[in-house]
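Analysis of the macromolecular model
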Amino acid sequence: MSAVVRFWVTHERELATLVAEHILLVAISTTVAVAIGVPLAVFATRRPRLASPLVGIANIVQTVPSLAMFGFLLPVPFIGGVGARAALAVLVLYGLLPIVRSTIVGITTIDPSIRLAGVAMGMTPRELLRHIELPLALPSIVAGVRVAAVVGVGSATIAAAIGAGGLGQYIYRGLSMVDSTVILAGAIPAAVLALAVDGGLLWIERRLSTRRQARSRRTAIAVATSLVVVAIIGSAAFTMRSPNAIVVGSKNFTEQLILGEILAQTIERETGLPVQRRLNLGGTLICDRALMTGDIDVYVEYTGTALTAIFHQPATKDSSAVTAKVRDLYAASGRTLLPPLGYDNTFAILVRAADARARGLRTIEDAAKVAPSWRAGFGYEFLERPDGYPGLAQAYGLSFRSPPQVMDLTLSYRALASGQVDLIAGDATAGLIKGLDLVRLEDNRHYFPPYDAVPVARAATLLRYPRVRLALEGLSGRISAAQMQEMNYAADAQHENPADIARRFLAARRETP
Amino acid sequence: MVPGVELRHVSYRLASGATILHDLSIAVGGGETLALVGSSGAGKTTVLKLVNRLLVPDAGEVCVQDRDTREWDPIRLRRSVGYVIQEVGLFPHLSVADNVAVVPRLEQWSGDRVAARVRELLDLVGLPHDAYATRFPDELSGGQRQRVGVARALAADPPVLLMDEPFGALDPITRRQLQQEFRRIQARVAKCVILVTHDVSEALALGDRVGVMEGGRLIWHGEPAAIADSDDARVRALVESALPVARAETPRRSV
C-alpha cells in the first residue's frame, strides 16, 4: 500500500491529469446521454409500441463488452477511431440504457389519476410533461443517471485501450508491466471516484424525492448542474491539448511503452515541439487505424507484423527485402517508414529452462516431439495472425494436449514460469525471459519473418515538421536487441517507470555518440 | 335558461363495440346542479368525460355554452370546465396553494391575482390559507384533499363544474359535512354543476334535479321531490334502498 502512495506522490501531476481526464469523460458522456436519453424516453412513452423495442435495443447495446464496442467503432467515421471522441461515443451508448429505462419507468408509473387531472384541467401535452410528468419522474431519472455515471466511471477505465486517457492508463500500464502497484494506483482512484459519484447522486436523488421541500429540490438541481459544469470546465482546462502537438502512440506491452517514451522524449528534446503521448493502445490494428485517421502521428511497428498483419502479404525471410516492401506499402497510403531502430523483435517460442535442460530441447523441432503432452498459452494476436500459431503448427507439425489457451501476452510469461502452461510465444526482447529463467527455442526452419523495429509516421506530419523526421532518423540503428531486452527487464522485473528507463537510455546514448 | 351543458341524443361506444351510452339527452342550466345517480358501470363518468371532451360522442352532440364540444379547442374547453375527479388526483409534488394555482398560472394570471384567488378559494372551501397553503397533499386528510380538489377545479372561475363521486371515499361524518359545504359554496358561486354519485340520498340532497342512470340509459330524471312518484320499478327500488339513511353504508358493489 505504501508503494502505491509513493507512486502517487512521485506521479502527482500525471495522476491529477488522469483523474481530470477520467472525470471529464464521465461528466461529458453522462450529460450527453441525459440529453439524448430523456427526450428519447419521453418519445417512447408517447408511442408505447416503440418503448419496448427501444429498451430492447438499449439492452443489447449494454451487453456488448466495452472493448468490443471500441473495436466496432474503430472504422466508423467521425465518432469512431481512437482517442477521447470514440471513448465518449461508447460511454454515451452505455449510459443511454439506464437513463432511458428509468425515465420511461418514472413517467409510466405516475398515478393515472394525476395525469387525468392534468389533462382534464386543460394542460397541453407539453405543459403536462413540464409541470407534472418530468417533476414526478425526476427522482427516477436521477436514479438512472446515477447508474449511468457509475457504470461510466468503470467503462472509462477501458477507454484507455483506445488512447482516451483516464485512470485506465495506470491499470493497463500495470497489467503490461505485471506490476500490481501501478494497477492499484489506477484502480483505487477509479473506485473512489465511482463511490463519490454514487454517493453524490444518491444524495441528490434523496433530496428530490422528499417532495415537501420545493426549495431544497431547486437547491439540489442547482448543486448538481453547477458540479457538472465545474467538472467539465475544470477537467477540460486540465486536459486541453495544444493544437500542434506531435502525438506518439504505442501498443500495449512493455517494450512498446518504452519505445513510445524514447520517441516522445527524442522529439521533445530535439525539436522542442509539444508531444502528447497516447501510449498503451490496444493492439496492432488499433495503432494502424489511429495512424491512418491522424489520431496519432508516429509509433513503432515491426516489419514482419506490418507485412503480414496489416498488409496481408505472405511472409518472406530476407530482412531488407521485407523492410523495402513494407516501406512501399506504407508510402502508398500516406505513411512513411523511418529507418529501423536496430534490432529484430521476433516471436520467441519459450519454454522453462529446467524443461529444456531435462529434455535437451534446443529448437522448435525438438519441442514438437514432446508437445503432444504439453499445454500452450498464446496472446490473442499470435493465435490469429497469419504469421502466428496456425502457420507455426503447420511448419513444425506442432500439436498440444489441448487447444492453446488464449491469454494476455504479458501474463503468459508468468503462466509459463508457474507451470500453468508449458510453451508460449513471447517477444525475443522480453525482459522476463531473463527474469523468469526461460529459454528461447531456435526457429530452425525459419518460419518467422524478420520483425525489425521501425518507427512509422504520417507523411503529412513529417512534411510539416521536417525536424521530427531528423530527430527520428537520429535513432536509426541505435537500439540493440540486448539493450532492448535490458530495458524490458528493468521495467518488467525491476518495476522501473518506462519514462525513466527511456530517459536513462537516451542520456547514456548522448554520452557515447 | 342560462346556457350550461346540453346532451342531445348522445351515444358512446368503446372501440371494442360495447355501448356505454344509449341515446341520452339532458340539459343543465347555469346555477343549476344535476345529480346523476346509478350503480357502477351505468355510464355516469362517461357523461362527464364527454362534457370536457376527454371523449367525443359517436352519435348526437354535447354542447357546452351552446357550442358543440367538437367545435371547441379542447384546451380552452377544459379550462372552462372545472373537473373534480373521483381519486382527487392532487399533484403530490406541489403544495396546496400551488395545486390550486395550476390553471390560473397556465392562463398566465399575474402573481398577485393568483395569490389573491388562492386565498379566496381556500377560505371558501374551509381551509384557512395561512394554515394550509404550504402543506403538501400527503399531509392532508381525505376530506381536506377533497376540499383542495374542489378549490382547484374552481380556480379559474369556470362556468361549468363536473364532480365525479367527490365525497365517495370519505367517512359518513366528513361526507355529510362536505355535502353541506357544497350547498353553501354552490349557493355562492352558482355554477352549472353535474355531480355523479352512486349514493341516492346524496343525489337527492344535492341535486336541483336528479338523473337516474342504468346500463347507459337515463331511466328517469326530474326534481328530487318527484322521484318517489316514479312508476318505474327500478327507480322505486333505488329510492327505497336509500330511505333508511342510517344504513347508508351498504357494502359497495365493485365491478
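Residues numbered from 1 in each chain as written. Chains lettered and ligands numbered in written order. Predicted model: local features only at pLDDT ≥ 70, side-chain atom pairs only at ≥ 80, totals over all residues.

Overview of the overall build of chain B
Applicable threshold: Each helix corresponds to a stretch of at least 4 residues labelled H or I by DSSP, and each strand to a stretch of at least 2 residues labelled E; elements are numbered beginning at the N terminus. The globule rule used here is 2.2 Å times the number of residues to the 0.38 power, and the radius of gyration it is set against is calculated over C-alpha atoms. With C-beta atoms placed from the backbone, the exposure class of a residue follows from how many other C-beta atoms lie within 10 Å of its own: 20 or more, buried; 12 or fewer, exposed; in between, partly exposed. Note on contacts: each residue gets a C-beta atom placed from the backbone, and two residues are in contact if those atoms are within 7 Å.
Regarding its fold elements, chain B presents 10 helices and 10 strands. Against the 2.2 N^0.38 benchmark of 18 Å for 255 residues, chain B shows a C-alpha radius of gyration of 18 Å, consistent with a compact globule. Overall size of chain B, expressed as C-alpha extent along the three principal axes, is 55 × 45 × 35 Å. Looking at the 255 residues of chain B, the share that counts as buried comes to 44%. Sequence-distant contacts in chain B: of pairs separated by 6 or more residues, those separated by 24 or more amount to 67%.

Regarding the overall build of chain A
In terms of helices and strands, chain A carries 24 helices and 10 strands. If one aligns the C-alpha atoms of chain A with their principal axes, the spans along those axes are about 90 × 55 × 50 Å. The 513 residues of chain A split such that 49% are buried.

Side note on the interface of chain A and chain B
Threshold: Note on residue categories: nonpolar means Ala, Val, Leu, Ile, Met, Phe, Trp, Tyr, Cys or Pro, charged means Asp, Glu, Lys or Arg, and polar means any other residue, Gly included.
Taken together, the contact between chain A and chain B spans 17 residues of the former and 17 residues of the latter. Among the elements of the structure, helix H6 (112–120) and helix H7 (125–158) of chain A are those that each provide at least two residues to the side of chain A that touches chain B. Residue contributions to the side of chain A that touches chain B peak at 6 residues, all from H6(A). For the side of chain A that touches chain B, the class distribution of residues is 11 nonpolar, 3 polar and 3 charged.

Some words on the confidence of the model for chain B
Note that predicted coordinates carrying low pLDDT should not be read in detail. Residues and elements named next belong to chain B. Rule in force here: On a scale of 0 to 100, pLDDT captures the predictor's confidence in every residue.
With 94% of its residues at a pLDDT of 70 or more, chain B has an overall mean of 88. Segment residues 245–255: pLDDT under 50, and 9 contacts once partners within four positions in sequence are set aside and those in other chains are kept. Scored as a complex, the prediction yields pTM 0.72 and ipTM 0.86.

Here we look at the packing of helix H23 (residues 481–492) of chain A against helix H24 (residues 498–511) of chain A
Residues and elements named next belong to chain A. The cut-off we apply is this: Think of each axis as a best-fit line through the C-alpha atoms, taken over the contacting stretch in the case of a helix, with angles from 0 to 180 degrees between the N-to-C directions. Left-handed is the label given to a crossing in which the near helix is rotated counterclockwise from the far helix by less than a right angle, and right-handed is the label when the rotation is clockwise.
Remark: H23 packs on H24, axes separated minimally by 9 Å, with the N-to-C direction vectors making an angle of 150°. The way H23 lies across H24 gives a crossing that is right-handed. Residues Met487, Ala490 and Ala491 of H23 pack against Pro498, Ile501 and Phe505 of H24. Its residues placed into classes, the contact of H23 with H24 shows 6 nonpolar, no polar and no charged.

Topic: the domain arrangement of chain A
All names here are of chain A. Selection criterion: Reported domain spans reflect what an automatic or database domain assignment gives.
In terms of domain boundaries, chain A breaks down into domain 1 (2–239), domain 2 (249–344 + 451–511) and domain 3 (347–441). Taking only C-alpha atoms into account, the centre of domain 2 sits 26 Å from that of domain 3. The interface of domain 2 with domain 3 comprises 20 residues on the first partner and 14 residues on the second. Those elements that place two or more of their residues in the side of domain 2 that touches domain 3 are helix H11 (254–271), helix H13 (303–310) and H23. Sorting elements by how many residues they give to the side of domain 2 that touches domain 3 places H23 first, with 8 residues. The residue makeup of the side of domain 2 that touches domain 3, split by class, is 10 nonpolar, 8 polar and 2 charged.

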